Amino acid sequence: MTSAIHIEHLTRRFGDLVAVDDISFDIGQGEIFGLLGPNGAGKTTTLSMLATMLEPSSGSATVNGIDIMGDAAGVRRSIGIVFQDQSLDEELTAWENMDFHGRLYRIPAEVRNQRIDELLRLVELSDRKDDIVKTFSGGMRRRLEIARGLLHHPAVLFLDEPTLGLDPQTRNHLWTYIATLAQEKGITIVITTHYMEEADRLCNRIAIIDHGKIIAMDTPDRLKERIGGEVVTITSPDPDRVIAILSGAGLKADRSGEQVTVSLENAEQQISGLIVRLSENKVAVTAIAIHKPTLEDVFLSFTGKTIRDVEA
């Protein structure tokens, strides 16, 4: 696999805070790669270093074969980026936003006009090209930002929380579009997100990041296979006693609030035995459920907390 991005011991400190802590990995050409973790985990800081907006404290990285420290301008010419916060000019039309971006990259007028037409069709905004952006919905703005990021034909596209704040229907639509984009254009796409379903559905591989460290990295399916079996979630007003009883039975359990999760092979056959054991020890159980492992379960297994717990 040819690397579009190569990272070695990349670190970023802000005073005593280590935001990104000695991370190393490669991202292949044409891959959709996800950085998954809670807010404050180091996802955006990593993206900012790769996009040359923030200098590393130590370590190195190349993007499209270009050193982020040695040739920042070269890196910027080869990437597109969609920020977490909107960066469109709301008083300009969709076409004018695109045209302004193309002029900044010194794309000749004839080529620029052709690409703008193509990209607005691609993101289904051709019929709104002359409308002022402040009249657009959140999903339309996100699609326009992605189109703008592709105008100069980048080899790598960075998407920082691309569906943050969008309603579920618009988020699903954007997921489909991003997947199609990678498949048809062959662009390497790096996404930061704390939406588990988004990472699971979109990404070829995922790096789970917490407190600036990469704690697991693989395909979504392989990460979930590490949990093994099925996940049983037990809700109880006394979760500590549930954990103690499960531990006494030789089972590893994790807690999130009043919920305790444990991985079991053939869970449906074993669940009755668990209920009997808890009942004999007079532990109240308000709910019990079985499901296939999710990325949330993977995060909980590696960190002992859910992403929601960390953010809270």
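Below, the structure is looked at part by part.

Parameters at a glance
Residues numbered from 1 in each chain as written. Predicted model: local features only at pLDDT ≥ 70, side-chain atom pairs only at ≥ 80, totals over all residues. Heavy atoms only, no water. Pairing = 2+ DSSP bridges. Helix = DSSP H or I, 4+ residues; strand = E, 2+ residues; numbered from the N terminus. Axes fitted to C-alpha atoms, helices over the stretch in contact; angles between N-to-C directions. Contact = heavy atoms within 4.5 Å. Parallel < 35°, antiparallel > 145°, perpendicular 65-115°, else oblique. Left-handed = near helix turned anticlockwise from the far one by under 90°. Nonpolar A, V, L, I, M, F, W, Y, C, P; charged D, E, K, R; others polar. Core = buried A, V, L, I, M, F, W, Y, C linked by side-chain atoms within 4.5 Å. Buried < 20%, exposed > 50% of the residue type's maximum accessible area, 1.4 Å probe, protein only. Phe/Tyr/Trp six-rings, centres within 6.5 Å; stacked < 30°, edge-to-face > 60°. Lys NZ or Arg CZ within 6 Å of the ring centre and 35° of its normal.

### Some remarks on the sheet that holds strand 8 (residues 188-193)
Argument step 1. Taken in spatial order, the 6 strands line up as 6-7-8-3-9-10 in an open sheet, and their pairing is mixed. Single-partner strands in this sheet number two, and they are strand 6 (79-82) and strand 10 (213-218). Put simply, the sheet's adjacent strands are angled 15 degrees from each other on average, direction ignored.
Argument step 2. Direction of pairing for strand 3 (residues 32-36) relative to strand 9 (residues 205-210): parallel, over a ladder of 4 bridges. Bridging from a neighbouring strand, Leu-35 pairs with Ala-207 of strand 9.
Argument step 3. Against the sheet, helix 6 (residues 168-185) engages strand 3, strand 7 (156-160) and strand 8, with an angle of about 155 degrees to strand 8.
Argument step 4. Sitting on the sheet, helix 11 (residues 295-303) is in contact with strand 3, strand 9 and strand 10, with an inclination near 40 degrees to strand 9.

### A word on the packing of helix 3 (residues 94-104) against helix 5 (residues 138-150)
Argument step 1. Running from N to C, helix 3 and helix 5 point in directions that differ by 25 degrees, and their axes come no closer than 9 Å. The angle between helix 3 and helix 5 places the two elements in the roughly parallel class. In the crossing of helix 3 with helix 5, the sense of the turn from one axis to the other is right-handed. For the pair helix 3 and helix 5, contact is made by Ala-94, Asn-97, Met-98 and His-101 and by Leu-144, Ala-147 and Arg-148, respectively.
Argument step 2. Tallied by class, the residues present in the contact of helix 3 with helix 5 amount to 4 nonpolar, 2 polar and 1 charged.

### A word on the nonpolar core
Argument step 1. Grouped together as the largest cluster of nonpolar side chains are 45 residues, with contacts concentrated most on Leu-144, Ile-146, Ile-178 and Ile-189.
Argument step 2. Here this core gets 6 residues from one element, more than from any other, and that element is helix 6.
Argument step 3. If we ignore the near neighbours within four places in the chain, the residues touching Leu-144 are Leu-88, Ala-94, Met-98, Leu-120, Leu-125, Val-133 and Phe-136.
Argument step 4. With 24 residues, the next largest nonpolar core counts Ile-5, Ile-27, Ile-79 and Phe-158 among its residues.

### Here's the deal with the sheet that holds strand 4 (residues 58-63)
Argument step 1. In space, the 4 strands of this open sheet follow the order 2-1-4-5, with antiparallel pairing throughout. Edge positions in the open sheet fall to strand 2 (17-28) and strand 5 (66-67), since each of these has one partner strand only.
Argument step 2. Pairing analysis gives 8 bridges linking strand 1 (residues 3-14) to strand 2, with the strands arranged antiparallel. Its bridge partner lying in strand 2, Ile-7 is registered against Phe-25.
Argument step 3. Where helix 1 (residues 43-50) meets the sheet, its contacts fall on strand 1, strand 2 and strand 4, and the angle it forms with strand 1 comes to roughly 120 degrees.

### Comments concerning the packing of aromatic side chains
Argument step 1. Per the stated rule, a full pass over the model turns up 1 aromatic pair.
Argument step 2. Each ring, one from Phe-25 and one from Phe-33, has its centre 5.2 Å from the other, and the planes form 15 degrees; the classification is stacked. For the pair Phe-25 and Phe-33, a shared accessibility class is recorded, and that class is buried.
Argument step 3. Sitting over the face of the ring of Phe-14, Arg-12 holds its NZ or CZ atom 4.6 Å from the ring centroid.
Argument step 4. One Lys or Arg, Arg-171, reaches over the ring of Tyr-195 and ends 4.1 Å from the middle of that ring.

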